[in-house]
Amino acid sequence: MARATGEGTLSGWRWTVLSDGWTQAREALLIRGGSWRKIVRCAATAVLLESDRFGPVLFDCGYSSRFASETAQWPGRLYRHLAPATLTEPDGIAGLLQKRGLDPGKLPRLIVSHWHADHVGGLRDFPNAIVHASREGWQAVSGLRGMAALRHGVLPGLLPEDLPDRLRWVGEGSDLFGDGSMVVLSLPGHAVGQIGIRFQAGDGSPVLLAADACWLSEGYRLNRSPHPITGLLQDLRACQATVERLHRLHLAEPSLRILPCHCPETLALVPV
Ligand SMILES: [Zn+2]
């Protein structure tokens, strides 16, 4: 599969979708009107962004092998029970960066969409990165332990002890590099304070990394939120508003490529 990137312009970003594991779920849970029979593979994807001017940036960082160790014991084990993961890269997203000639220890910047374990499992592999995240999202999970953490999809052992010193707050409209080439969107609902980014690819086309604003691309295309039962785990009303926002964006700007983290269409962009 060719990389869905463009190269050449100084302000554009080269981008590569990476994945280090997956879980699976019934389609009916992922989107209203979906099939209860159909099982969908939901990969944990991260996106590496590179530019000549600003160096590498990582959007989310997958499971890492720590997901297995952190879910070996109760209460983390419950996470594994509800959403068992198959890990496909022994060295996680960090290992994939190394294969591309990048030193994870020197990665300067990471963006965390939200604090669910399948998005931040690799955080300890990037000890020197500044971590952009939303203040509301962090405040909702900071300091949680045990079942309280698990209810928010958080495995505290995945979070480095010095993380608070490296956090830099961003929110709706934050212009990460001051040139409009990468801008933050607030996408609440699935998690408190969830964020995504919109960036200009090297070929000039706009791309929106939507994190878990919807699980399947059909969600934003058809304006369909997840099954109401998922309201046990997320703010369904805010979810619906966010899906509708993406749907409107999609209609208003058909050239905008919107990538939900776990959609099989996003996984298909991983270079082979
Ligand atoms: Zn999530």
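Since the structure is predicted, the reported quantities are computational estimates derived from the model, not experimental observations.

Asker: Lay out the confidence of the model for the chain with the relevant residues and their values.
Answerer: In the predicted model, the chain carries a mean pLDDT of 93, and the fraction of residues at 70 or more is 96%. Across residues 1-10, where pLDDT falls below 50, the model places 25 contacts with residues more than four positions away in sequence or in other chains.

Asker: Lay out the sheet that holds strand β5 (residues 109-111) in plain terms, naming residues and giving numbers.
Answerer: Taken together, 7 strands build an open sheet; the order of strands is β4-β1-β2-β3-β5-β6-β7 and the sheet is mixed. Both edges of this open sheet fall to β4 (86-87) and β7 (167-169), since each of them pairs with a single strand only. Pairing of strand β2 (residues 39-50) with strand β3 (residues 57-59), which is carried by 3 bridges, proceeds in the antiparallel orientation. Bridge pairing in β3 places Leu-49 opposite Val-57. Across the sheet, helix α4 (residues 92-99) touches β1 (14-26) and β2, and the angle it forms with β1 is around 150°.

Asker: How would you summarise unusual backbone geometry if you had to cite specific residues and measurements?
Answerer: Cis rather than trans, the peptide bond between Trp-74 and Pro-75 has omega equal to 0°. Structurally, Pro-75 can be placed in the loop between α2 (66-70) and α3 (76-82). One non-glycine residue with positive phi stands out, namely Ala-211, at about 50°. Within the secondary structure, Ala-211 is located in strand β10 (residues 206-211). Taking the C-beta count within 10 Å as the criterion, Ala-211 has 28 such neighbours and is therefore assigned buried.

Criteria and cut-off values
- Residues numbered from 1 in each chain as written.
- Predicted model: local features only at pLDDT ≥ 70, side-chain atom pairs only at ≥ 80, totals over all residues.
- pLDDT = per-residue confidence, 0-100.
- Contact = placed C-beta atoms within 7 Å.
- Pairing = 2+ DSSP bridges.
- Helix = DSSP H or I, 4+ residues; strand = E, 2+ residues; numbered from the N terminus.
- Axes fitted to C-alpha atoms, helices over the stretch in contact; angles between N-to-C directions.
- Buried ≥ 20, exposed ≤ 12 C-beta atoms within 10 Å, placed from the backbone.

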